[in-house]
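Observations on the model geometry
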Amino acid sequence: FLAAADGLGSIAIDTTQLNMSVTDPTAWATAMNNLGMVPVGLAGQQLVTDSICVPGFDPSLSMMTGITPINPMIPGMGLVPPPPPTDVPVVKEIIHCKSCTLFPPNPNLPPPSTRERPPGCKTVFVGGLPENATEEIIQEVFEQCGDITAIRKSKKNFCHIRFAEEFMVDKAIYLSGYRMRLGSSTDKKDSGRLHVDFAQARDDFYEWECKQRMLAREERHRRKMEEDRLRPPSPPAIMHYSEHEAALLAEKLKDDSKFSEAITVLLTWIERGEVNRRSANQFYSMVQSANSHVRRLMNEKAAHEQEMEQAKESFKNALTGILTQFEQIVAVFNASTRQKAWDHFSKAQRKNIDIWRKHSEELRNAHSEQLMGIRREEEMEMSDDDSGDNPSKKLRVDDSALAAQAYALKEENDSLRWQLDAYRNEVELLKQEKGQLFRTEESLTKDQQLQFLQQTMQGMQQQLLSIQEELNNKKSELEQAKEEQTHTQAMLKVLQEQLKSAKELAEINGHDESQANEINVLTVALVNQDREKNSEKRSPGLKSEKEALLIGIISTFLHVHPFGANIEYLWSYMQQLDSRISANEIEMLLMRLPRMFKQEFTGVGATLEKRWKFCAFEGIKTI
């Protein structure tokens, strides 16, 4: 037969099993009619020789059954041959066994249905067996599919067959739908239609689970081996602290090539808690050695930044040269497109020249934009450097100098404190070593040393107190400078906004440049006046009773607005009382009293807004 299931091997058929009587064609026709097969007139051929078959075998029997018999003499012919091509219809044939015969189902009927295959299935269910079928006959039929490990036959017409491997189940499923007849008997108890399906067995599932667990173990082992292979080597073990190891580590800390390894060991020792009173000085010297590398690292960073600037400069020069060559190439293409030379080129040459010209212009424009972007960045950096000439920049420089000086004093203070602690530790160690000994000459010298150390400690304490007073004075000067800076910056921002609005009004009203110059002169005068006022360390007095009245009204208004109010809102309220007052006058009055009114910014981006708040209750505490 020509059809087979996927992945099935061939199983040879013993030629000695072909002992069925085929002398009576009428019996064959009756058997086919009982099986529900309609004879079809297909041309057949004699595949089995007369020496094997019974004498008088009719070769035209295949025409009556419509199924070509198998030729057992072909070498390698088996029960289940390889699968046919997909475009060839599946046609099953008669299978002859020693004790029975299997007739194929009607090819026009749909294929038999099967259940979902359980994982690791090695057991099949066989139903529709003849009533007189024995285990020997069942084993004879199904052992051709593979090695059978067990057959469990029921009293009814079904059984369960367990094979040795999973692929043998597919061969057994191929026999589903065949009609089985024992010998040549036509008795109903000797025939039945086989139904072969997958069976779910606990043994199969257990073996499948064991196999999956074994595969999982192998996969985990493979992954572990791969991780061990790719894992970086462990860092070297850090030695324990001792005076000898500390001396070696101090030498390593001074060496630039061994600094990274040595600083790791120092960090580990400090985290382990190796620092005590006896070893504090040694650890302090090592920490000081580590701090000495800060300047070296900063110099390395500056060198790398200089190399980066040189690389940028070389890149810009190279880009300029490339852009010059692009300009020359574009000039050549433009000269070629002029009529004097353009007329002598063919149509294809003109097309290529035009394409090349457009491509070169695109590349030239892209490189030109890149070069312009680099130049714009350089101009922005230069403008940032030039902006340091304004007063706020000077104040910032002064603040940075004061901060650096304060930081240096703080470091010196810490150094003296550490030395004082070291001396105290030495004094306590000397006291412990002294113990309960008698006062001998040696003890007297120790007392003298102790007195000398105490005097030294008192002198250092006095020096420490003077340094702390100087540090507090510097801090107070720094805070005053910061307050003056913030006030000056706020005044400068307000005057810049007023100058901008005044210029816009001058342009709208058609004033000439002389009025704008007068406004600028007035602004500069106001800035200088404000600086002179800020230089005085006292608040200016009120000029008139009107200003005192305005301050009282504004304080009352801002007091009932705890979140503050902008200058426009405040001016609209004041205009209801005095229509001649302007927003500029109100803002100048508020800026003159920084301890009563403060300005804050609220919002983000486009919603940024300046608001004034009443802060006299907070300012009176600082006076």
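Worth saying up front: this structure is predicted, and the values here are computed from it rather than measured. (Residues numbered from 1 in each chain as written. Predicted model: local features only at pLDDT ≥ 70, side-chain atom pairs only at ≥ 80, totals over all residues. Heavy atoms only, no water.)

1. Structural notes on the packing of helix α15 (residues 545–559) against helix α17 (residues 583–591)
Rule in force here: Here an angle of 0 to 180 degrees is reported between the N-to-C directions of two axes, which are lines fitted to C-alpha atoms, with helices fitted over the stretch in contact. The secondary structure listing takes helices from DSSP runs of H or I that are at least 4 residues long and strands from runs of E that are at least 2 residues long, numbered from the N terminus. The cut-offs work like this: below 35 degrees is roughly parallel, past 145 is roughly antiparallel, 65 to 115 is roughly perpendicular, and the gaps in between are oblique. We call two residues in contact when some of their heavy atoms are within 4.5 Å. Only Asp, Glu, Lys and Arg are considered charged, only Ala, Val, Leu, Ile, Met, Phe, Trp, Tyr, Cys and Pro nonpolar, and every remaining residue, Gly among them, polar.
The geometry of α15 relative to α17 is characterised by a closest axis approach of 11 Å and an angle of 85 degrees between their N-to-C directions. On the basis of their axis angle, the class for α15 and α17 is roughly perpendicular. Residues E547, L550, I551 and I554 of α15 touch α17, and the partners they reach there are I586, L589 and L590. Classifying every residue of the contact of α15 with α17 gives six nonpolar, no polar and one charged.

2. Some words on the nonpolar core
Filter applied, for reference: We define a nonpolar core as any set of buried Ala, Val, Leu, Ile, Met, Phe, Trp, Tyr and Cys residues linked to one another through side-chain atoms lying within 4.5 Å. Think of it in three bands: with a 1.4 Å probe and only protein chains considered, a residue is buried below 20% of the maximum accessible area for its type, exposed above 50%, and partly exposed in between.
One finds V124, V126, F142, I161, F163, L175 and M180 to be the most contacted residues of the largest nonpolar core, which totals 29 residues. The set of elements that each furnish at least two residues to this core consists of β2 (100–103), β3 (123–127), α3 (135–142), β5 (158–163), α4 (167–173), β6 (179–182) and β8 (195–198). Each residue touching I161, except ones within four places of it in the same chain, is listed here: K122, T123, V124, V126, I138, F142, I148, A150 and I151. Ranked by size, the runner-up nonpolar core spans 20 residues in total, among them I551, F557, I567 and M574.

3. Description of the packing of aromatic side chains
Note the cut-off: Side-chain rings of Phe, Tyr and Trp, where Trp is taken by its six-membered ring, are said to pair if the distance between their centres is within 6.5 Å; with planes under 30 degrees apart they count as stacked, over 60 as edge-to-face, and otherwise as tilted. A ring is scored as having a charge over it whenever the NZ atom of a lysine or the CZ atom of an arginine sits within 6 Å of its centre and within 35 degrees of its normal.
Following the criterion strictly, the structure yields eight aromatic pairs and no others. Each residue in the set Y241, W269 and F283 is aromatic and connected to the rest through ring pairs, giving one cluster. The lysine or arginine in question, R296, covers the ring of F259, its NZ or CZ lying 5.8 Å from the ring centre.

4. Describing the side chain of S279
Mapped onto the secondary structure, S279 falls in the loop between α7 (259–272) and α8 (280–291). Ignoring anything within four residues of it in the chain, the contact list for S279 reads Y241 and E274.

5. Some details on the sheet that holds β8
This is how it is decided: Two strands are counted as paired when DSSP detects at least two bridges linking them.
Taken in spatial order, the four strands line up as β4-β5-β3-β8 in an open sheet, and their pairing is antiparallel. This sheet does not close on itself; its edge strands, each paired only once, are β4 (148–153) and β8. Mean inter-strand twist for the sheet, computed between neighbouring axes without regard to direction, equals 20 degrees. The sheet strands contacting α3 are β3, β4, β5 and β8, and the helix crosses β4 at an angle near 140 degrees.

6. Some words on the UniProt feature "coiled-coil region" (unreviewed entry) in the protein
The line we're drawing: UniProt positions are given in the numbering used here, feature names are shortened, and annotations may be inferred rather than shown by experiment.
According to UniProt, the positions carrying the feature "coiled-coil region" (unreviewed entry) are residues 287–314 and 406–498. Taken end to end, residues 287–314 is 96% helix and 0% strand, and its first and last C-alpha atoms sit 41 Å apart.

7. Observations concerning the sheet that holds β6
Overall, antiparallel pairing links the four strands, which are arranged β1-β2-β6-β7 in an open sheet. Each of the sheet's edge strands pairs with one partner strand only, and the pair in question is β1 (95–96) and β7 (191–193). By the bridge criterion, two bridges tie β1 to β2 in an arrangement that is antiparallel. Across the sheet, the residue bridging to H96 is T101, located in β2.

8. Structural notes on a negative patch on the surface
Here is the rule: Each patch is built from residues lacking any salt bridge and having more than 30% relative accessible area; the joining distance is 9 Å for like charges and 5 Å for nonpolar side chains (Val, Leu, Ile, Met, Phe, Trp, Tyr). Each accessible area is a Shrake-Rupley estimate made with a 1.4 Å probe; only the visible protein chains count as cover when residues are assessed. Put simply, a salt bridge is a Lys or Arg side-chain nitrogen that is within 4 Å of an Asp or Glu carboxyl oxygen. By the counting rule applied here, Lys and Arg register as positive and Asp and Glu as negative, while His and the ends of each chain are not counted. The atom standing in for a charge is NZ when the residue is Lys, CZ when it is Arg, CG when it is Asp and CD when it is Glu.
Residues E305, E309, E377 and E381 make up a contiguous surface patch of negative charge. Mapped onto the negative patch, the elements with two or more residues apiece are α9 (293–336) and α11 (347–386). Tracing the sequence through the fold places E305 in helix α9. For E305, a relative accessible area of 41% corresponds to the partly exposed category.

9. Topic: the environment of Q325
As for its placement among the helices and strands, Q325 is situated in helix α9. Sequence-wise, Q325 and R364 are 39 residues apart; in three dimensions their C-alpha atoms are separated by 9.2 Å.

10. Quick look at the pattern of salt bridges
Evaluation of the coordinates by the stated rule reveals 25 salt bridges. The shortest N-O distance in the salt bridge between E219 and R222 comes to 2.5 Å. Of this pair, E219 and R222 are both found in helix α5 (residues 202–230), three residues apart, which corresponds to roughly one turn of the helix. On the basis of relative accessible area, E219 is assigned to the partly exposed category, the value being 28%. We classify R222 as partly exposed; its relative accessible area is 46%. A salt bridge links E547 to R592; the nearest nitrogen and oxygen atoms lie 3.3 Å apart.

11. Let's talk about the environment of Y178
The condition that has to hold: N or O atoms closer than or at 3.5 Å make up a polar contact, with two conditions inside protein: a donor-capable atom paired with an acceptor-capable one, and, for residues adjacent in sequence, both atoms drawn from side chains.
As for its position among the elements, Y178 is in the loop between α4 and β6. With 50 residues separating them along the chain, Y178 and G128 place their C-alpha atoms 9.8 Å apart. Setting aside residues no more than four positions away along its own chain, Y178 makes contact with K92, E93, I95, L102, F103, P104, P105, G192, R193 and L194. Here E93 takes part through its backbone oxygen, which lies 3.1 Å from a polar atom of the side chain of Y178.

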